[in-house]
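# Structural features, examined
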Amino acid sequence: MKKTLFIFSGLLCLLTVYSCRSDFGIHPVGGDPSDPTNLVSASSHGQLDTLATGFSFTEGPAVDKHGNIFFTDQPNDKIYKWNVATKMLSTFLTGTGRSNGMAFDRDGYLIACADMYGELWRIAPDGSHTVLVNNYNGKLLNGPNDVWINPVTGGMYITDPIFPRSYWAPGDPRQQPWEPTHSEQAATGKGGYVYYLAPGSHTLVRVVTDAMGWDSDSWPNGVVGTPDGRKLYVNKWKGDNMGGTWVFDIRTDGTLTNMHKFIDMGGDGMSMDERRNIYISNGLGVTTFDPTGTKILSIPMNGGATNNVFGGENEKTLFITSGSGNLTSLKMNVRGVEKY
């Protein structure tokens, strides 16, 4: 285990912090009303609240036990905290290993997919971190992208697509032109897999394989599971937003079985509400599907969305990050299920 202390700050950021509203217009999804299951609070008036701007590329929103939101600005290698009580923004950590997707564990540590060196970090409240894993079978990971922690067992699932980064050092074996044709996890193809890390372990288990019907020449991205710890959803990124989303049953040992395609849409980060509806972020914005795979809500956003999570004091606010460098929110009638 490697532990490093980085300088972090609780001082207020110099970024633009304010609350303004933009009318997104809830798209009809099969007739009136446009929100047939009444997900969005009437108090939102069909509008997103812009909470903070001025970032390069926001990602990885994670909710702590108080409902506060932590998110990354990956190009600038920072993690920020949005305090839901004071509505103030602060810098939590500078020097994050280029963190992307994140989630809080039951002990209040922030688990972060740090793709600078293909690592999974466990970040303490004081900003110090431990590297939990950085390889599979001795070979460098592609670049952990997103993480979901099983609330029943504490086991972690990470997606590991290969997106060559400009900040990777020359000579890094992952570095290559777009579109990637190989990785440390595959001599040919992208080697895009999903892994499981059991509680207390420092050895990853690959839980999807080509033998089970998983196409590893792809970009697995968003991951979320049910609050009873029995089902896992994984989507794939694709330029047309149609990479697909799959659902699995979770065995008691953390491995996956009964894989089947849930919907044709894929994308980026995902969240789940108390009704087990799935909220998928992608180039269109955020799209919601019920447990049967029926689309029930569309939240279009200029520039699309990168990720989303429920938070706030009552867990009834959907926080959304974006490639345009904003943090926005939407008041909901349903609660999220990801807060310990």
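What you see is a predicted model; the values in this text were computed from it and never measured.

### Brief notes about the pairing of strand β19 (residues 231–237)
Burial runs high along β19: five of the seven residues are buried. Looking at chain direction, strand β18 (residues 219–225) and β19 are connected through five bridges and run antiparallel. Counted as the bridge partner of Val-223 is Val-234 from β19. Taking the residues that link successive antiparallel strands as the turn, the β18-β19 hairpin has five residues, and the phi of Gly-229 there is positive, at about 70°.

### Observations regarding the pattern of salt bridges
By the definition in use, this model includes nine salt bridges. With a closest N to O distance of 2.8 Å, Arg-165 and Asp-115 form a salt bridge. In this pair, Arg-165 is assigned in the loop between β15 (156–160) and β16 (193–197) and Asp-115 in the loop between β9 (110–114) and β10 (119–123), connecting sequence segments 50 residues apart. The buried category is assigned to Arg-165, whose relative accessible area is 19%. Asp-115 sits in the buried class, given a relative accessible area of 2%. A salt bridge links Asp-172 to Arg-174; its shortest N-O distance comes to 2.8 Å. One exposure class covers both Asp-172 and Arg-174, and it is buried. It is possible to trace a salt-bridge network through shared partners that takes in Asp-105, Asp-107 and Arg-122.

### Remarks on the sheet that holds strand β14 (residues 146–149)
Overall, antiparallel pairing links the four strands, which are arranged β14-β15-β16-β17 in an open sheet. Two strands lie at the open edges of the sheet, namely β14 and β17 (205–206), each paired on one side alone. Pairing of β15 with β16 involves five bridges; the strand directions are antiparallel. Each bridged residue has a counterpart across the sheet, and for Asp-160 the counterpart in β16 is Tyr-193.

### As for the packing of aromatic side chains
Following the criterion strictly, the structure yields 19 aromatic pairs and no others. A centroid spacing of 6.1 Å and a plane angle of 80° characterise the contact between Trp-178 and Trp-237, whose relative ring orientation is edge-to-face. Residue Trp-178 is located in the loop between β15 and β16, and its partner Trp-237 is located in strand β19; the two are separated by 59 residues in the primary sequence. For Trp-178, a relative accessible area of 52% puts it in the exposed group. Ring geometry for Tyr-279 and Phe-310: centres 5.2 Å apart, planes at 85°, overall edge-to-face. Pair noted here: Tyr-279 is in strand β23 (residues 278–282) and Phe-310 is in strand β26 (residues 307–311), with a separation of 31 residues, a long-range link. Each member of the pair, Tyr-279 as well as Phe-310, carries the same accessibility label: buried.

### Brief notes about the nonpolar core
Leu-120 and Tyr-157 are the most contacted members of the largest nonpolar core, which has 41 residues in total. Counting residues per element, this core draws most heavily on β16, at five residues. Excluding anything up to four places from it in sequence, Tyr-157 contacts Asp-146, Val-147, Trp-148, Tyr-195, Tyr-196, Val-207, Val-223, Leu-232, Ile-250, Gly-254 and Leu-256. Counting residues in each nonpolar core, the second largest holds 16 residues, with Tyr-279, Val-286, Leu-330 and Met-332 among its members.

### Quick look at the sheet that holds strand β5 (residues 69–73)
Read across the open sheet, the four strands follow the order β4-β5-β6-β7; overall the sheet is antiparallel. In this open sheet, the two edge strands, each paired with only one partner strand, are β4 (58–63) and β7 (88–94). Across the sheet, the mean angle separating the axes of adjacent strands is 25° when strand polarity is ignored. In the sheet, β5 pairs with strand β6 (residues 78–83) via five bridges, with the strands oriented antiparallel. Residue pairing in the sheet places Thr-72 in a bridge with Ile-79 of β6.

### Topic: unusual backbone geometry
Residues Trp-178 and Glu-179 are joined by a peptide bond in cis, for which omega reads 5°. Along the chain, Glu-179 falls in the loop between β15 and β16. Its identity as a non-glycine residue notwithstanding, His-45 has a phi of 55°, on the positive side. Here His-45 lies in the loop between β2 (16–23) and β3 (47–53). Residues other than glycine seldom take positive phi values, yet Asn-258 does so here, at roughly 55°. Secondary-structure assignment places Asn-258 in strand β21 (residues 256–263).

Thresholds, definitions, all that
- Residues numbered from 1 in each chain as written.
- Predicted model: local features only at pLDDT ≥ 70, side-chain atom pairs only at ≥ 80, totals over all residues.
- Heavy atoms only, no water.
- Buried < 20%, exposed > 50% of the residue type's maximum accessible area, 1.4 Å probe, protein only.
- Helix = DSSP H or I, 4+ residues; strand = E, 2+ residues; numbered from the N terminus.
- Pairing = 2+ DSSP bridges.
- Salt bridge = Lys/Arg side-chain N within 4 Å of Asp/Glu carboxyl O.
- Phe/Tyr/Trp six-rings, centres within 6.5 Å; stacked < 30°, edge-to-face > 60°.
- Core = buried A, V, L, I, M, F, W, Y, C linked by side-chain atoms within 4.5 Å.
- Contact = heavy atoms within 4.5 Å.
- Axes fitted to C-alpha atoms, helices over the stretch in contact; angles between N-to-C directions.

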